[in-house]
Amino acid sequence: MLKINREQLKSFLGEYGRIVPSMRLFIAAAPGHTAVEIVLDLLMATLEPLSVWFMKFLVDAVIAQQVEMAILVALLLVIYRLSSYLSSWAYEIVTPGQIDRLQFALQMRLMEKAVSIQDLTLFESSKFYDQLQTARQATDTWAQRLFMATKNMLAYIVVVVLLFGTLSQLHPLAAVVVFLATIPSYLAYLRTGVESTTVFRSQAPYQRKLDYYAQVLTTQDAAKEVRLFGLGGFFIDSYRELFQQSYKLVQSFRRRQARIVTLLTLISPATAGAVLIYTVWRAALGEIEPGNLVLYVGVIFLVQQTFYRLLQTAGTVHTCQLHVSHLLDFLDLEPQMPVSEGVGKRVPKPLRKGIEVRNVSFTYPGTERKVLENVSFRVGQGESVALVGHNGAGKTTLVKLLCRLYDPAQGAILLDGTDLREHDLGNLRENITAIFQDYARFHLTAAQNISIANLARMDDRSAIVQAAEQGGADEVIARLPKGYDNQLGREFEEGAELSIGEWQKLALARAFFRDAQILILDEPTAALDVQAEYEVYQKFRELTQGRSTILISHRFSTVRMADRIIVLEDGAIAEEGSHAELMAQGGTYADLYSKQASWYRE
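Computed from a predicted structure; not experimentally measured.

Can you walk me through the overall build of the protein in this structure?
The helix and strand tally for the protein stands at 22 helices and ten strands. Within the protein, contacts between residues separated by at least 24 positions form 75% of all contacts whose residues are at least 6 apart in sequence. Accessible area for the protein stands at about 30600 Å²; split by element, carbon and sulfur atoms hold 58% of it.

Got a minute to help me understand the sheet that holds strand β6 (residues 432-435) in this structure?
Think of a sheet as strands paired side by side through backbone hydrogen bonds, with each pair either parallel or antiparallel. Taken in spatial order, the six strands line up as β6-β7-β8-β3-β9-β10 in an open sheet, and their pairing is mixed. For this open sheet the edge positions go to β6 and β10 (572-577), each flanked by a neighbour on one side alone. In this sheet, neighbouring strand axes are inclined to one another by 20° on average, regardless of whether the strands run parallel or antiparallel. Here helix α17 (residues 500-513) sits on the sheet in contact with β6 and β7 (518-522), set at roughly 175° to β6.

What should I look at first to understand the pairing of strand β4 (residues 410-415) in this one?
For a regular strand, side chains alternate in direction, first toward one face of the sheet and then toward the other. The pairing of strand β1 (residues 355-363) with β4 spans five bridges and is antiparallel. Paired with I355 across the strands is L415, a residue of β4. Strand direction decides the pairing type here: β4 and strand β5 (residues 418-419), joined by two bridges, are antiparallel. Among the inter-strand pairings, L414 is bridged to a residue of β5, identified as D419. Between the end of β4 and the start of β5, which pair antiparallel, lie two residues, with D416 showing a positive phi angle near 55°.

Honestly, the sheet that holds β5 in this entry has me stumped. Any pointers?
The antiparallel open sheet is built from four strands, whose spatial order is β2-β1-β4-β5. Looking at the sheet topology across the chains shown, the edges are occupied by β2 (370-379) and β5.

I would appreciate a short explanation of a nonpolar patch on the surface in the present structure.
A contiguous nonpolar patch, built from L173, V176, V177, F179 and L180 and spanning about 420 Å² of accessible area, is present on the exposed surface. Within the fold, V177 resides in helix α6 (residues 174-201).

When you look at the nonpolar core in this model, what are you seeing that I'm missing?
Grouped burial of nonpolar side chains is what soluble globular proteins tend to show. The biggest cluster of nonpolar side chains holds 56 residues, and the ones touching the most others in it are F26, L167, L170 and L327. Those elements giving two or more residues to this core turn out to be α2 (19-29), α3 (31-63), α4 (67-116), α5 (126-170), α6, α10 (267-284) and α11 (290-331). No other element matches the 18 residues that α5 contributes to this core. Excluding its chain neighbours within four sequence positions, the residues that come into contact with L327 are L25, L106, L110, A135, A138 and T139. With 47 residues, the next largest nonpolar core counts I435, I464, A473 and I477 among its residues.

Analysis parameters
Each chain has its residues counted from 1, running along the sequence as written. Selection of residues for local features in this predicted model requires a pLDDT of at least 70, selection of side-chain atom pairs for listing and counting requires 80 or more, and totals for whole chains, interfaces and linings are taken over all residues. Computation of side-chain values covers all heavy atoms of the structure but excludes hydrogens and water. Each helix is a run of DSSP H or I of at least 4 residues and each strand a run of E of at least 2, with the numbering of both proceeding from the N terminus. Contacts were defined at the residue level, with two residues in contact if any of their heavy atoms lie within 4.5 Å. For every accessible area listed, the method is Shrake-Rupley and the probe measures 1.4 Å; residues are considered covered only by the protein chains on display. Paired strands, as defined in this entry, are two strands with at least two bridges between them according to DSSP. Where helices are involved, their axes are fitted lines through C-alpha atoms of the stretch in contact, as for all axes, and angles between N-to-C directions lie from 0 to 180°. Patch membership is restricted to residues that have no salt bridge and whose relative accessible area is over 30%. Joining uses 9 Å for like charges and 5 Å for the nonpolar side chains Val, Leu, Ile, Met, Phe, Trp and Tyr. Any carboxyl oxygen of Asp or Glu that lies within 4 Å of a side-chain nitrogen of Lys or Arg is treated as forming a salt bridge with it. The nonpolar core is taken to be a set of buried Ala, Val, Leu, Ile, Met, Phe, Trp, Tyr and Cys residues, with the residues joined through side-chain atoms within 4.5 Å. Only protein chains enter the accessibility calculation, which uses a 1.4 Å probe; a residue whose area is less than 20% of its type maximum is buried, one above 50% is exposed, and one in between is partly exposed.

And the structure:
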């Protein structure tokens with residue numbers, strides 16, 4: 001029943017070994033509060049065994065009719081009780097502040113780490129999201145519980161040492177017997193703790209999917225489809241079924257844990273009872289004085305109670321550390337893409353040669369299909385190039401590579417003759433502005449939605465207004481009650497919800513506000529109506545003037561305005577040329593253009 005796999009034992013003990021870096025993390029969050037808490041913990045822990053000695057001295061004084069000594073000891077007991085109350089009161093004052101500081105500090109570390117991962121490779125992995133899920137949970141309650149339990153465990157160890165010294169005066173073997181009686185209980189906790197390592201780690205995928213089902217039913221993103229297609233029951237049933245699977249796994253473990261621990265922990269109080277009977281027997285024979293009898297009886301019960309608390313706390317520490325280890329693992333993650341921050345080359349201003357994509361191939365993590373294979377082309381300074389092709393042809397992947405959100409598996413992308421990997425990443429991205437196909441909708445003010453593209457100019461209202469006009473967002477903002485200072489998104493008070501097309505206009509304005517040398521437009525007008533699209537592209541030449549522009553669009557009325565068009569098929573370049581040249585070739589581009597144009601002629 002207590003057979004333990006060596007690897008499992010190593011993993012179990014390894015979690016205890018990680019308490020030190022966890023505590024370092026916690027102490028750094030609030031060193032002053034933590035120091036006060038540790039002192040208070042030790043003070044409250046040592047006061048309890050001290051009270052047993054006071055009772056011994058009081059009994060001895062009363063029996064010896066030493067009135068002054070009895071009164072003095074009684075006063076010390078009163079002081080002890082007052083000290084205990086004051087310590088608890090101080091603890092209640094200090095603890096909330098420490099917990100708040102700890103949660104804040106850990107959340108900051110988590111966010112800083114997530115932002116520091118500059119490449120998107122990890123974000124393509126479900127394992128990464130499992131780690132992120134459990135790391136978030138750790139910053140919430142598990143870290144606080146681990147901090148409190150670890151302090152308590154250390155205090156209990158101090159108490160046990162003090163009590164063992166007293167108990168050894170009863171008999172040299174008394175302390176040893178009581179200690180040995182706790183070993184089966186410890187083995188029980190050890191066994192269940194080893195199993196809990198596997199059980200709790202297995203819960204992350206379940207919990208992440210449960211969170212997703214809840215999100216679908218309680219947020220706006222899928223609200224229309226859920227109601228139109230009657231999906232409420234489907235997702236609720238899916239949630240219930242998945243919860244039952246997870247619950248059965250955990251409950252099975254908990255039942256085994258309860259059986260083992262209950263059986264083996266009975267040994268400890270039974271042994272303490274035997275030592276108590278031995279003590280009373282010796283006292284009845286006159287071998288132990290009344291004061292010492294009170295002392296030993298108090299110590300026997302206290303040491304057994306403290307051992308029980310210690311074992312329980314040790315189990316809590318291990319369980320909590322399992323969760324906090326996910327946070328430590330997340331903070332230790334190494335980016336898949338090497339980044340040169342502050343040490344790489346800087347982008348020339350103005351660009352002279354522009355962009356060169358040289359023999360680039362790319363495969364997404366966890367897949368084998370090459371999204372791009374041996375792709376080569378140039379985008380000159382001030383030139384606009386359109387990328388055309390079916391869905392999945394590799395157009396958006398090229399954009400991500402140009403923004404250095406990934407690195408090519410083979411080949412290189414050069415900016416003015418220098419590999420992107422040799423550029424300072426921050427400076428490189430300062431020179432790129434983009435509107436992505438899956439652009440973000442920031443629940444900030446309208447002005448902030450535009451100005452966050454260039455944080456150094458967030459207070460430049462005239463530039464914000466100009467960018468809004470360029471992107472066609474000025475009319476949208478004019479209709480808002482508070483104009484540029486209006487909160488967007490229903491998630492916050494007085495927030496205004498926009499249509500998809502209105503959000504896209506803000507995203508366009510954000511791209512233009514950055515005023516970078518390289519402009520990337522990935523389906524920039526997909527959600528705009530015909531009039532809005534027409535107005536944007538009336539300004540197309542003006543907006544792209546002096547910028548190297550890469551345009552992705554399925555609307556060929558837009559594509560034909562580019563200086564050059566590149567057709568991608570299955571991750572490779574199939575055709576390249578101007579609109580007129582490609583139409584004359586009668587290839588893929590001409591076929592796609594003709595099919596789309598036919599819809600407008602009918």
